[in-house]
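# A structural walkthrough
These are the residues of each chain, in order.
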Amino acid sequence: MSGLLQKLTPTIGSGKDFFVNAVREQVKYGSDFIKIMATGGFFTPYDNPIQQQLNDEELKAIMTTAKELGKTVTAHVYTNELMQKLIRMGIDGMEHGSLMNEETAAMIEEAGIYLVPTFCPYEEAVHYDGEKMKEKQPEFRRKLEYYKDMLKAGREVICHSKIRLGYGTDLVANHQNYESGYEYEAWMSSGMSPFAALKAASKTNSEILQLEDQIGTLEVGKLADVSAWRRDLMTDKKALLDCAFVMKEGKIYPAETVEE
């Protein structure tokens, strides 16, 4: 079954030439961005977050081809060595970056690269909660326990940096996709200001998506996409989980309708 699914996925393969063609094919079918699975993960059972999943030649082939076609490139990545390598190769953005040090943060700042740090999946390890850790899948829990000190150190680096941060959750294990407000709680619990989180989720995210001319700020001429909450976002860590309404292009949808 695994082999069959791999054959049905046109971007899983190996070798420089394969990935050149894979990028071209994805752009042909309408992709706006190219994302590289550069390292292993925390939740996946048979790899780890410090493994480099593609060799340098493959990484360069993906990024060069995407740039030639006018597309931006981002990467799932955790380690300092690989983040720094991708920066030198000209990456546009990164997801996670959870194990970074101050040297890497400074390089990201200087290059103007965006980072979507996805705090939420690692929250019980960073702000350690032994009982909640026991509820996690064994392979996920083992990695969180092993890397918890590095995750905590990396979180502090990110929070004290001047990196251009976007807002994303990577909710693969602990919450439902519609519960993205837990990411807001994680930012607040980590000492981030509410304005920093809200800016990341609105203005910066619109720039990452290359939609800043349409959404992201309240301005004349942009789409009237607005959300409101029942609780005080400035002081309440869980406020983002209590949505009052969503306005999409000027039409209001009550929260109950959105949840359904």
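Here's what I pulled together on the structure shown here.

## Topic: the packing of aromatic side chains
Counted under the stated rule, the structure contains nine aromatic pairs. Judged by centre distance (5.1 Å) and plane angle (90°), the rings of Phe18 and Phe19 are edge-to-face. The ring of Phe119 carries the charged tip of Arg155 above its face, separated from the ring centre by 4.0 Å.

## Some words on helix 8 (residues 138-159)
Of all the bends in helix 8, the greatest, near 65°, is centred on Tyr147. For helix 8, the set of buried residues is Phe140, Lys143, Leu144, Tyr147, Leu151, Gly154, Arg155, Val157, Ile158 and Cys159.

## Overview of the packing of helix 3 (residues 56-68) against helix 4 (residues 80-89)
It is the contact of helix 3 with helix 4, at a shortest axis distance of 11 Å, that shows an interaxial angle of 40°. Taken together, helix 3 and helix 4 sit at an angle that is classed as oblique. Taken as a pair, helix 3 and helix 4 cross one another with a handedness that is right-handed. Along its contact with helix 3, which presents Asp56, Leu59, Lys60 and Met63, the element helix 4 presents Leu82, Lys85, Leu86 and Met89.

## Quick notes on the packing of helix 4 against helix 5 (residues 102-111)
Angle between the axes and distance between the axes are the two parameters that describe a pair of packed helices. One can describe the packing of helix 4 onto helix 5 by two numbers: an axis separation of 10 Å at closest approach and a directional angle of 20°. Classified by the angle their axes make, helix 4 and helix 5 are roughly parallel. Between helix 4 and helix 5 lies a crossing whose hand is left-handed. For the pair helix 4 and helix 5, contact is made by Asn80, Met83, Gln84, Ile87 and Arg88 and by Glu103, Thr104, Met107, Ile108 and Ala111, respectively. Looking at the contact of helix 4 with helix 5 residue by residue, the class counts come to five nonpolar, three polar and two charged.

## Quick look at helix 5
All buried positions along helix 5 are accounted for by Thr104, Ala105 and Ile108. Buried residues of helix 5, viewed axially, fall in a sector of 100°; they line one side. The outward face of helix 5, more than 90 degrees from its buried face, is lined by the exposed residues Glu102, Glu103 and Glu110. Of the surrounding secondary structure, the elements contacted by the buried residues of helix 5 are helix 4, strand 3 (93-96) and helix 8. Two to three positions downstream of the cap, the backbone nitrogen of Glu103 sits 3.3 Å from a side-chain oxygen, assigning the N-cap of helix 5 to Asn101.

Analysis parameters
- Residues numbered from 1 in each chain as written.
- Predicted model: local features only at pLDDT ≥ 70, side-chain atom pairs only at ≥ 80, totals over all residues.
- Heavy atoms only, no water.
- Phe/Tyr/Trp six-rings, centres within 6.5 Å; stacked < 30°, edge-to-face > 60°.
- Lys NZ or Arg CZ within 6 Å of the ring centre and 35° of its normal.
- Bend = angle between axes of the 7 residues up to and from the residue.
- Helix = DSSP H or I, 4+ residues; strand = E, 2+ residues; numbered from the N terminus.
- Buried < 20%, exposed > 50% of the residue type's maximum accessible area, 1.4 Å probe, protein only.
- Axes fitted to C-alpha atoms, helices over the stretch in contact; angles between N-to-C directions.
- Parallel < 35°, antiparallel > 145°, perpendicular 65-115°, else oblique.
- Left-handed = near helix turned anticlockwise from the far one by under 90°.
- Contact = heavy atoms within 4.5 Å.
- Nonpolar A, V, L, I, M, F, W, Y, C, P; charged D, E, K, R; others polar.
- Arc of directions from axis to C-beta.
- Polar contact = N/O pair within 3.5 Å; in protein donor to acceptor, adjacent residues only side chain to side chain.

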